[in-house]
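Examination of the molecular architecture
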Number of protein chains: 2
Amino acid sequence: MVHSKPSPATTPTATSATNLDLNGDVADLTATLMDIESVSGNERALADAIESALRKIPSLQVHRDGDSLVARTTLGRAERVILAGHLDTVPLPTTPGSRGTVPSAWDGETLYGRGATDMKGGVAVQLALAATLSEPNRDITFIFYDHEEVEGSKSGLGRLARNNPELLVGDFAILLEPTNGTVEGGCNGTSRYKVRTKGVAAHSARAWMGENAIHAAAPILQILADYQPRTVNVDGLDYRESMNAVRINGGIAGNVIPDACEVEVNYRFAPDKDVAAAEAHVFELFAGFDIIRTDGAGGARPGLQHPVAAAFVAAVGQAPKPKYGWTDVARFSDLGIPAVNFGPGDALLAHSDNEHVTRGAIHECLAALRRWLSAEL
Amino acid sequence: MVHSKPSPATTPTATSATNLDLNGDVADLTATLMDIESVSGNERALADAIESALRKIPSLQVHRDGDSLVARTTLGRAERVILAGHLDTVPLPTTPGSRGTVPSAWDGETLYGRGATDMKGGVAVQLALAATLSEPNRDITFIFYDHEEVEGSKSGLGRLARNNPELLVGDFAILLEPTNGTVEGGCNGTSRYKVRTKGVAAHSARAWMGENAIHAAAPILQILADYQPRTVNVDGLDYRESMNAVRINGGIAGNVIPDACEVEVNYRFAPDKDVAAAEAHVFELFAGFDIIRTDGAGGARPGLQHPVAAAFVAAVGQAPKPKYGWTDVARFSDLGIPAVNFGPGDALLAHSDNEHVTRGAIHECLAALRRWLSAEL
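Residues numbered from 1 in each chain as written. Chains lettered and ligands numbered in written order. Predicted model: local features only at pLDDT ≥ 70, side-chain atom pairs only at ≥ 80, totals over all residues. Heavy atoms only, no water.

**As for the overall build of chain A**
Along the backbone of chain A there are 9 helices and 19 strands. If you line up chain A on its principal axes, its C-alpha atoms span 80 × 45 × 40 Å. Look at the contacts in chain A between residues 6 or more apart in sequence, and 78% of them connect residues 24 or more apart. Carbon and sulfur atoms form 50% of the exposed surface of chain A, whose accessible area is close to 14,600 Å². In chain A, 33 positive and 46 negative side-chain charges are present, and the distance between their average locations comes to 1 Å. (Helix = DSSP H or I, 4+ residues; strand = E, 2+ residues; numbered from the N terminus. Contact = heavy atoms within 4.5 Å. Areas by Shrake-Rupley, 256 points an atom, 1.4 Å probe, with all protein chains shown as cover. Lys, Arg positive; Asp, Glu negative; His and termini not counted. Charge placed at Lys NZ, Arg CZ, Asp CG, Glu CD.)

**Points about the relation of the copies chain B and chain A**
Its rotation angle being 180°, the transformation that places chain B on chain A also includes 0.3 Å of axial translation and leaves an RMSD of 0.3 Å. The symmetry that links the two subunits is that of a two-fold axis. Across chain B, the rotation axis passes nearest the C-alpha of Asn249(B), at a separation of 2.4 Å. (Least-squares fit on C-alpha atoms with pLDDT ≥ 70 in both.)

**As for the UniProt feature "domain: Peptidase M20 dimerisation" (unreviewed entry) in chain A**
Mapped onto the present numbering, the UniProt feature "domain: Peptidase M20 dimerisation" (unreviewed entry) falls at residues 189–284 of chain A. Annotation note: span residues 189–284 of chain A, helix share 20%, strand share 43%, distance between end C-alpha atoms 18 Å. (UniProt positions renumbered as here; feature names shortened; annotations may be inferred.)

**So, the nonpolar core**
Ranked by internal contacts, the top residues of the largest apolar core, which has 65 residues, are Leu54(A) and Leu369(A). Per-element accounting of this core gives the leading share, 9 residues, to helix H3 (residues 116–132) of chain A. Per-domain counts for this core show at least three residues from each of domain 1 (8–186 + 300–374) and domain 2 (189–297) of chain A. Leu54(A) has contacts with Leu60(A), Val62(A), Leu69(A), Ala71(A), Leu127(A), Ala130(A) and Phe144(A), leaving out every residue within four places of it along the chain. One finds Met34(B), Leu111(B), Ala124(B) and Leu133(B) within the second-largest nonpolar core, a separate group that totals 64 residues. (Core = buried A, V, L, I, M, F, W, Y, C linked by side-chain atoms within 4.5 Å. Buried < 20%, exposed > 50% of the residue type's maximum accessible area, 1.4 Å probe, protein only. Domains from an automatic or database assignment.)

**Comments concerning the domain arrangement of chain A**
Residues and elements named next belong to chain A. Splitting chain A by domain gives domain 1 (8–186 + 300–374) and domain 2 (189–297). Each of domain 1 and domain 2 has a C-alpha centre, and these two points are 37 Å apart. Counting from both sides, the interface comprises 14 residues of domain 1 and, opposite them, 9 residues of domain 2. Summed over both sides, the interface between domain 1 and domain 2 buries roughly 960 Å², with carbon and sulfur atoms accounting for 58% of that surface. Where domain 1 touches domain 2, the interface holds 1 salt bridge. A salt bridge links Asp235 to Arg301; its shortest N-O distance comes to 3.0 Å. Summed over the shared surface of domain 1 and domain 2, the number is 2 residue pairs in polar contact (both at pLDDT 80 or more). When its residues are assigned to classes, the side of domain 1 that touches domain 2 shows 7 nonpolar, 4 polar and 3 charged. (Buried area = accessible area lost by both parts, 1.4 Å probe. Salt bridge = Lys/Arg side-chain N within 4 Å of Asp/Glu carboxyl O. Polar contact = N/O pair within 3.5 Å; in protein donor to acceptor, adjacent residues only side chain to side chain. Nonpolar A, V, L, I, M, F, W, Y, C, P; charged D, E, K, R; others polar.)

**Considerations on the side chain of His147(B)**
Residue and element names in this part refer to chain B. Turning to its location among the elements, His147 is positioned in the loop between strand S6 (139–145) and helix H4 (156–163). Within the structure, the side chain of His147 is placed 2.7 Å from the side chain of Asp146, a separation counted as a polar contact. Once residues within four sequence positions are removed from consideration, His147 is found in contact with Ser40, Gly41, Glu43, Asp88, Lys154, Ser155 and Gly156.

**Some words on the packing of helix H5 (residues 218–226) of chain A against helix H5 (residues 218–226) of chain B**
Running from N to C, H5(A) and H5(B) point in directions that differ by 145°, and their axes come no closer than 8 Å. Where H5(A) crosses over H5(B), the handedness of that crossing is left-handed. Every residue of H5(B) that contacts H5(A) at Ala218(A), Leu221(A) and Gln222(A) is listed here: Ala218(B), Leu221(B) and Gln222(B). Class assignment for the residues of the contact of H5(A) with H5(B) results in 4 nonpolar, 2 polar and no charged. (Axes fitted to C-alpha atoms, helices over the stretch in contact; angles between N-to-C directions. Left-handed = near helix turned anticlockwise from the far one by under 90°.)

**Quick look at helix H6 (residues 275–285) of chain B**
Residue and element names in this part refer to chain B. Those residues of H6 that sit buried are Val275, Ala278 and Val282. Take H6 and look down its axis: the buried residues cluster within an arc of 65°, on one side only. Opposite the packed face of H6, turned more than 90 degrees from it, sit the exposed residues Ala276 and Glu284. Residues of H6 that are buried make contact with strand S9 (189–198), strand S13 (242–250), strand S15 (260–269) and strand S16 (290–297). (Arc of directions from axis to C-beta.)

**Let's talk about the interface of chain B and chain A**
Many descriptions give the size of an interface as the accessible area lost when the pieces come together. Taken together, the contact pairs 44 residues of chain B with 44 residues of chain A. Between chain B and chain A, the buried area comes to about 3,500 Å², and carbon and sulfur atoms account for 60% of it. The largest share of the area that chain B buries against chain A comes from Trp208(B), His215(B) and Ile248(B), three residues that together contribute 18% of it. Secondary-structure elements contributing two or more residues to the side of chain B that touches chain A are H5, S13, strand S14 (256–257) and S15 of chain B. For the side of chain B that touches chain A, the per-class residue count stands at 23 nonpolar, 14 polar and 7 charged. Here strand S13 (residues 242–250) of chain A pairs with S13(B) via 3 bridges, running antiparallel. Within S13(B), the residue paired with Asn249(A) across the bridge is Asn249(B). (Pairing = 2+ DSSP bridges.)

This is the structure:
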């Protein structure tokens, strides 16, 4: 049975007065965060609530930039780690009766609703650590940021890096994106291309007076169908690549020989190469065709050979995995900070109408981080 | 130099009062007809002007159905021939400065404008014959009809065949569509198909969890690229076939493995086969693929072995050719009436922004028909 959880989660949407209990059960805190709707562009109420809670913790220096927050300990430790998470979610589902809505709903020990996996659970773990780790073994920089689920130019993390680079200094970063409780290192890069053929238009009743651009695209599709994507080991993790047509378009009418056809190709590449190397590979694959690159973002190496990262992997106690989707670890990588993903919930449920996370997964994530940040160094 | 022809062609667009001079120069009459805008659906003013002119000819029985007209001689001749032409044109060009507009314009002895070739010249020849052939050697049924340039269900000729089949009786039909002064016999059939592939959608960062429907379309395009269209001799004329992708579509987003791809195929087939035989050929070609037929119209055999047709070809004095585009000769063929195309102007200019016809071509067409319809039998 699905039932709404008891108050305060049934309280209507938040105002800046929303009081967050950072010392209670971290899964209940997750539900409270989910009940404050924060679709990209609407993060203010949630940022207000978190700022108010963070400012009550004397050991933290809090900085606000738009709807992003940075809260730092200044204990003079030898190492500083960054724990980062985004406040925004993708839009609410429009399917009637869908579970991925606001407010959240418990079904037994499983919490349903928008943000359950991506990533109010991770944000709740950050907040619980901020409130309860009074003497961490490393200095910690907590980052909560806006606009992750939209175009990169709007990213609150990118804005912080431009406006306040000194706040983003650190030896290692953990992004609390959902990884099912395993460390996922680095990420693949992504790039897009348009491969085009040209022909000569003609009335299809006299087809021999034209040249068919769609027929000319046959070898493009055959190259893609035959392509054997590589798996590349980078710093001990296996990154699986892929090369796919994501769109094809050609033709203007049922009686006209098409004079143009366009195949959009998405190449996801391992972090052993940058965008330029990825482009060179694709251009070679489609040599002789008209091709342009329309998009590109480099990946991130996992960086697990770094001692602080290795210690973290040991504390989690699970074999690390590669991350396939692009995440903000690439942004930290660009800043020279090794970064991994580690958070509660299944990434495959992110953005789905069936988004959910278990109470146990949130507890375990918090416990692993607490263990790592409390151990004697 | 392009200049407007002298009055009455410079008179603004027609009303039912427009007086047509059927006894003057048939090329000047063509220009007058062009100056009465008659894009499909807007044939009324032109039909009114023609009806008024026909009703002044005592030897003709005139019948009107909507904006179509049938005018018949009843001389008790042994044979009856049908001379048919459509009143409508495709829409006016939107390119600024284009010549294919209303009113018409003479450049020397060349007449420019919408309908010059398709087919106000042919209609002018019909009208000149109606007015000047007082003692033809065969009974003649003149048909002027609306809605040829749009979907077949709107065809004025089709409507006449349903409402007044007795008016469409005849031994032979000539459609005055542009053929550059040669007899073009019969026409190819046309049929369209959707050939579809299915896949499994997935995020392109984890492409191996999906199946790419666009890649699966590679063999469809290869079959089309490899296809060798046949040339089929039917009743002495060579009909060139063609098999073409006219549209392709697949994919919904730049980061999603496409789960569907659709190729639209247009098969133009010789009149030795009907739509069912054409479909069987295409289904065999794409055996194993999901395929449906979405459209189909049979062609027409040239029927030139018929004595009345052979006599007409002899009167024209040029070697007959096959017609490739679908025309209403197929409709006459369905009614059991052998039919050919014969008219002034180049069919390749039809629908173009450069539509034009020469004065000489219109005169020659009229002369050939007059010769054939005046000869002693």
